[in-house]
Amino acid sequence: MSESGILPIDQLLPNRLLVLPLTGNPIFPGIFTPLLIESEEDIAVIEKSMQQDNMIGLLLSREEAENEYEPANLNKVGTAAKIVKKINLPDGGINIFISTQKRFRVKKFTSDPKPLTAAVEYLESENENSIEVRALTRSLLMEMKQLSKGNPLFTEEMRLNMVNIDQPGKIADFITSIMNLDRGEQQDILETLDVRDRMEKVLVFIKKEQELMKIQKKIQDRINQKIEKNQRDYFLREELRAIQQELGMTNDPKTSEFNRFKELFNKLPLNDEAREQTERELEKLQFLDPNSAEYSVTRTYLDTIASLPWKEPKQKNLDIKKARKVLDRDHYGLQDVKDRILEYLSVRKLKKDTKGSIICLVGPPGVGKTSIGISIAKSMGKEFFRFSVGGMRDEAEIKGHRRTYVGAMPGKIIQGMKIVKSKNPVFMIDEIDKMGASFQGDPSSALLEALDPEQNISFRDHYLDIPFDISQVLFIVTANTLDTIPRPLLDRMEVIRLSGYIAQEKVAIAKKYLIPKSLDRNGIEKSQVKYPAKSLISIADEYAREAGMRNYEKALNKIHRKLAMEIVSETITLPVTITYERLQKYLGKPIFREDEVKKAVKPGMSIGLAWTNFGGDTLIIEALNVPGKGEIKLTGQMGDVMKESATIAFTYVRHIAKKYGIDKTYFETNAIHLHIPEGATPKDGPSAGITMACSLFSLASNRVIKPALAMTGELSLAGKVMPIGGLKEKVIAARRNRIKTIIIPKHNERDLEEIPEHIRSGLEFPSGRHYGTGAGSGVWLSGSLSGGLSDGLSEGLSDGLSGKKDG
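In this text, all values refer to a predicted model and were calculated from it rather than measured experimentally.

K.L.:
What exactly am I supposed to notice about the packing of aromatic side chains here?
P.N.:
Given two aromatic rings, one states the distance between the centres and the angle between the planes to describe the pair. With the rule as written, the count across this model stands at 10 aromatic pairs. Here the aromatic rings of F32 and F97 are separated by 6.2 Å at their centres, their planes lie at 15°, and the arrangement is stacked. Of this pair, F32 sits in strand β2 (residues 32–37) while F97 sits in strand β5 (residues 94–110), and the two are 65 residues apart along the sequence. In this structure F32 comes out as exposed when scored by relative accessible area, which is 53%. You can call F97 partly exposed: its relative accessible area is 23%. With centroids separated by 5.3 Å and ring planes inclined at 80°, the aromatic side chains of Y660 and F697 adopt a geometry described as edge-to-face. Separated by 37 residues along the polypeptide, Y660 in the loop between α22 (640–656) and α23 (666–669) and F697 in helix α24 (residues 689–701) bring together distant segments of the chain. Each residue in the set F385, F387, F427 and F475 is aromatic and connected to the rest through ring pairs, giving one cluster. Positioned above the aromatic ring of F261, the side-chain terminus of R260 is 4.6 Å from the ring centre.

Next up, the structure:
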């Protein structure tokens with residue numbers, strides 16, 4: 001005891017405290033505050049404390065602690081508090097008022113007997129009277145004064161308490177308790193005994209809070225400005241409306257919009273359903289607030305209807321001669337397409353009918369399918385709209401979205417009609433064979449209605465949901481193959497095939513279209529470059545041997561780019577002639593060489609003709625025998641149909657072998673391996689049947705097939721040669737590969753008339769020997785083989801074997 005009889009507070013405080021865990025934030029010393037006690041364990045602690053000395057130890061529990069009274073889940077530094085008053089609550093809980101006294105550190109926990117008790121040591125603040133602490137105290141008070149300005153969370157009572165606290169450590173504790181800090185940050189302050197360090201930490205938290213308040217104030221000011229602007233605009237509009245009413249000027253923007261739509265729809269020749277729908281939407285528009293989202297949706301919908309071409313187009317006096325000139329000017333060849341368009345125009349001219357049509361252009365890439373659409377529109381004097389459906393998987397792209405969806409819009413067809421503003425345009429739908437299907441629908445099924453002449457008179461888009469007549473549209477669709485187009489869709493189209501080009505055609509197209517276009521693109525004058533015919537043919541044969549013209553055009557562009565660089569560098573004398581040597585300088589070594597032309601040079605080899613999505617092609621078939629027991633092995637990535645054709649050819653050749661002097665034990669003592677090179681490329685189809693049979697016959701008879709001879713035809717098990725498709729593409733491919741003689745099925749002779757004379761020129765098409773009578777008779781392979789694979793026979797396939805023995 002001191003001389004005055006007064007003891008220090010830590011000597012009055014007990015050395016053991018009943019522990020009350022805190023789940024929120026820690027409570028600092030020197031604070032008088034209420035606590036709500038609800039759990040039975042906490043109430044038991046309070047009751048026992050009231051029976052002893054009214055003292056409790058407040059310890060913050062760690063985050064996510066399941067058992068708060070587990071010592072491992074409690075922090076070791078807390079605050080001793082005296083219970084001043086207890087109030088029992090109706091729900092069974094209690095409310096206590098406590099006065100916190102001093103920091104303590106737990107030395108040891110004891111939980112027997114319950115409740116949890118801790119042996120504690122009381123902690124004193126350190127370094128409390130230094131000059132730095134006094135300076136920090138002033139800084140804290142100034143910063144808190146700045147922070148509390150305009151902040152409703154800081155009451156006047158808090159400000160007074162803060163100013164009247166005389167101890168720097170307690171000032172830091174008080175500020176920490178009223179700031180919005182994490183429980184971990186507050187516990188860190190509670191455990192900091194050095195007052196200078198404690199105040200520095202609190203000062204950092206104040207600075208962060210000030211920055212947060214600045215950002216918050218910026219956001220609040222921005223929001224207030226928007227609200228004020230909206231209120232100001234609203235009041236000004238109301239005042240303007242009142243002034244207009246006083247002056248008799250009642251046409252506000254909303255009324256003007258309504259009157260504009262009403263006038264537009266009165267002039268348009270809408271059908272009954274469309275008129276009823278627009279009147280209903282106009283009535284709804286009258287009662288909507290212009291600032292609402294529904295107003296915008298309705299206005300856009302009405303605007304779409306008003307933008308469509310509802311009026312019947314004026315009949316134009318079609319000039320067939322002019323149309324022919326336009327088509328001939330823009331495209332070389334393509335006579336089938338041009339004739340079909342001119343037929344269509346002639347019928348329209350005679351019948352005075354406005355019905356559209358659906359034309360499907362099928363052919364390999366680069367033959368001019370897309371570009372001819374623009375020429376068709378020009379020749380007819382009509383508007384042109386093109387869109388591609390390649391990779392499309394959503395039917396809404398064709399028929400639009402229903403207006404219930406946010407951002408709904410009409411489909412491509414209605415969008416096109418809105419853009420061209422004509423009821424009878426030319427619509428080109430590109431890549432129709434590359435559409436897909438998904439959970440969002442099947443676009444090809446959505447096109448069924450649009451491309452059906454009996455249905456599209458009342459085409460119903462999901463967005464419009466009213467019938468619209470698109471029957472006068474001329475639809476032109478393009479595809480590389482018909483195999484992937486759904487049959488119901490294909491039935492609605494008139495198919496026109498565009499085959500590839502031979503070298504002579506490519507040269508003509510290059511002279512007339514590609515060279516002038518490429519020169520202009522690269523800034524070179526026509527008088528500065530000369531192309532000999534031999535160089536143009538070399539490009540076609542050695543650098544661009546595909547069916548279309550894209551690689552040919554790329555080759556020309558490459559030549560002219562390099563030429564432009566030489567002209568700018570002044571390293572060339574103009575005009576320049578593109579000789580073969582200069583061609584190799586600009587384009588490099590030839591891609592296709594002479595030795596790459598497919599040839600049958602030994603027994604067991606034959607040349608066949610194939611059709612692909614990229615045009616016709618030639619394929620070599622190779623057969624080889626090894627000792628075995630009469631089996632056949634097939635390689636070259638053949639499909640199921642082609643494997644069946646190979647098996648049929650093998651069986652049939654074995655069947656006729658004796659007739660042509662082949663040793664009957666040949667197939668019993670040998671295993672045959674039949675291979676089609678380019679093994680990485682999948683191959684399928686029945687049209688290589690006779691080619692494989694000839695390869696096997698050539699091998700068995702040890703004779704080489706005649707040079708420059710190719711064949712195509714499906715073989716039946718009875719030896720009948722069945723007709724094949726894609727003859728024109730196959731003939732073009734044969735000509736590109738320098739084939740002179742082509743064996744085709746008898747039934748395909750009529751298809752030769754459709755192949756232009758300049759393509760057939762220089763090619764021989766020997767007829768197979770005709771056997772049998774009646775409508776079902778055909779060309780039998782035994783007759784073909786006798787002519788194509790035997791010596792001395794002039795009919796059938798015109799001496800297909802050269803008579804040369806191998807070895």
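K.L.:
Help me out: how do you make sense of unusual backbone geometry in this one?
P.N.:
A negative phi angle characterises most non-glycine residues, just as the trans form characterises most peptide bonds. Of note, the bond from L574 into P575 is cis; its omega dihedral lies within 30 degrees of zero at -5°. Its location among the elements puts P575 in the loop between α20 (550–569) and β15 (576–577). Positive phi is not limited to glycine here, since E431 has a value of about 55°. You can see E431 is positioned in the loop between β9 (426–430) and α16 (443–450). The phi dihedral of A708 is positive, around 55°, even though this residue is not glycine. With respect to the helices and strands, A708 occurs in the loop between β20 (703–705) and β21 (709–711). Residue A708 is classed as partly exposed on the basis of its relative accessible area of 26%.

Rules behind the numbers
Residues numbered from 1 in each chain as written. Predicted model: local features only at pLDDT ≥ 70, side-chain atom pairs only at ≥ 80, totals over all residues. Heavy atoms only, no water. Phe/Tyr/Trp six-rings, centres within 6.5 Å; stacked < 30°, edge-to-face > 60°. Helix = DSSP H or I, 4+ residues; strand = E, 2+ residues; numbered from the N terminus. Buried < 20%, exposed > 50% of the residue type's maximum accessible area, 1.4 Å probe, protein only. Lys NZ or Arg CZ within 6 Å of the ring centre and 35° of its normal.

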